[in-house]
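Chain residues, written in single-letter form:
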Amino acid sequence: MASLLFSKFKQKPFLILSPMVGLTHLALRKIIREFGGCALLSMEMCSAKALPYENRTTSPYFKFFEEEKYQLICQIVGNNPKKMADAAKRIEQEGLFGIDLNFGCSVSHIYKQQAGAYLLENVSLASQIIEAVKKAVSIPVSIKFRLPTQCTEKKLILLAKMFEQSGADFLIFHPRIYPDRRNRPPRWEYISVVKQSVSIPVLGNGNVFSIEDVKKMFQQTACDGVALGRIAAARPFIFAQITQGFQPTIQTYYHIARKMCLYLFEFYEPTRALRLFKKWLPYFGSNFDFGLELISILAKAKDKNEILSKLNKIHNLKILNKPNLILIGQ
């Protein structure tokens, strides 16, 4: 099913936006769409318990444009099969492309709720969730997951096969072990293990920060696509750069920062807009020498007009070949 659906997307290689809390909001997704080159977009993670009751005009998370629905995935998190299925029904009713089940979040409060990465250690419950969601909807269902604890190849293969047998249409795999968030590099070799063990598409994820990294991931893992996360927040043009040969200039970065500010204040109430802009700042600042100084200047802004004014006064920025990982995490 997923292979046939993927065929309608013309982007080669197949790249998607990975879901990130506080980052893959309306503003970032709109900027990415304006550049082009991204096959599937992901919303921020949504609680399965709350989602059926969300008002999409007022919800800070379950918020989207009509024109993006054909390529939009909503990620849901939870541990109750019925509630996950009910959330999935709402997503399908809204006309979105697909649903992603979060089996990879390593944030402690999610894990303590027996959701996210916890489900990798409760295979029976994970299978029940997938089966319940697949029974409830007809749109594609993906699983975003990480390495289970005390991982062996055998354990990983059994897990991937269970996902497929339970009904997953494709997998998005970030090969880091819970609770290791970014302390060590992801184990890309495990992407190959997952790819070889299932017949459904497998997308790789983790420490992809450049065109060269994308090429290496495809070459080393034979994955069907790549999910881009932090680099997409830092460089929303990365999809167009990889698929269309887009070449950014220093003005590109200025325009992105300006649009991010304007869109956030257009789509969200001022307090949330300011908070979201400041959350995005380290990603933007990671592109430059003296990025910390840039972040410090912009972080002191108290409203939209002050952000725009400070942006207009910033000059002589030097673009780095790769983002500064110290600012956005390894």
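Further up the page is the structure itself.
Here is a short report on the structure shown in this document. Since the structure is predicted, the reported quantities are computational estimates derived from the model, not experimental observations.

Focus: the packing of helix H7 (residues 189-197) against helix H8 (residues 211-221)
The N-to-C vectors of H7 and H8 enclose an angle of 50°; their axes lie 8 Å apart at closest approach. Looking at the two axes, H7 sits oblique to H8. Note on packing geometry: the crossing formed by H7 with H8 is right-handed. Residue-level contacts link Ile-191, Ser-192 and Lys-195 of H7 to Met-217, Gln-220 and Thr-221 of H8.

With respect to the side chain of Ser-42
Considering the arrangement of structural elements, one finds Ser-42 in strand S2 (residues 41-42). Overall, Ser-42 belongs to the buried group, its relative accessible area being 2%.

With respect to the layout of surface pockets
Volume-wise, the largest pocket comes out at about 1200 Å³. In this structure, the largest pocket is lined by 47 residues; those nearest its centre are Val-21, Met-45, Asn-102, Cys-105 and Val-107. For the lining of the largest pocket, the secondary-structure elements that each account for two or more residues are strand S3 (46-47), strand S4 (72-77), helix H4 (108-112), strand S6 (141-147), strand S9 (225-228), helix H9 (230-234) and helix H12 (270-285). Taken together, the residues that form the lining of the largest pocket break down as 22 nonpolar, 16 polar and nine charged. Here the second largest pocket defines a volume of roughly 200 Å³. Counting residues per element, the ones that place at least two in the lining of the second largest pocket are H8 and helix H10 (238-244). Grouping the constituent residues of the lining of the second largest pocket by class yields eight nonpolar, four polar and two charged.

Things to note about the pairing of S9
Of the two faces of S9, the one holding Gly-225 and Ala-227 and the one holding Val-226 and Leu-228 are both buried throughout. Across three bridges, strand S1 (residues 15-17) lies against S9 in parallel orientation. Looking across to S9, one finds that Ile-16 is bridged to Ala-227. Relative to S9, strand S8 (residues 202-205) runs parallel, the two sharing three bridges. Bridged to Asn-205 within S9 is Ala-227. As a crossover connection, the stretch from S8 through H8 into S9 is right-handed.

Criteria and cut-off values
- Residues numbered from 1 in each chain as written.
- Predicted model: local features only at pLDDT ≥ 70, side-chain atom pairs only at ≥ 80, totals over all residues.
- Heavy atoms only, no water.
- Axes fitted to C-alpha atoms, helices over the stretch in contact; angles between N-to-C directions.
- Helix = DSSP H or I, 4+ residues; strand = E, 2+ residues; numbered from the N terminus.
- Parallel < 35°, antiparallel > 145°, perpendicular 65-115°, else oblique.
- Left-handed = near helix turned anticlockwise from the far one by under 90°.
- Contact = heavy atoms within 4.5 Å.
- Buried < 20%, exposed > 50% of the residue type's maximum accessible area, 1.4 Å probe, protein only.
- 1 Å grid on protein atoms, 1.4 Å probe; cavity = no way out; pocket = protein on both sides within 12 Å on 5 of 7 lines; lining within 4 Å.
- Points joined across faces, edges and corners; volume = space filled by probe spheres on them.
- Nonpolar A, V, L, I, M, F, W, Y, C, P; charged D, E, K, R; others polar.
- Pairing = 2+ DSSP bridges.
- Right-handed = clockwise from strand over helix to strand, strands pointing away.

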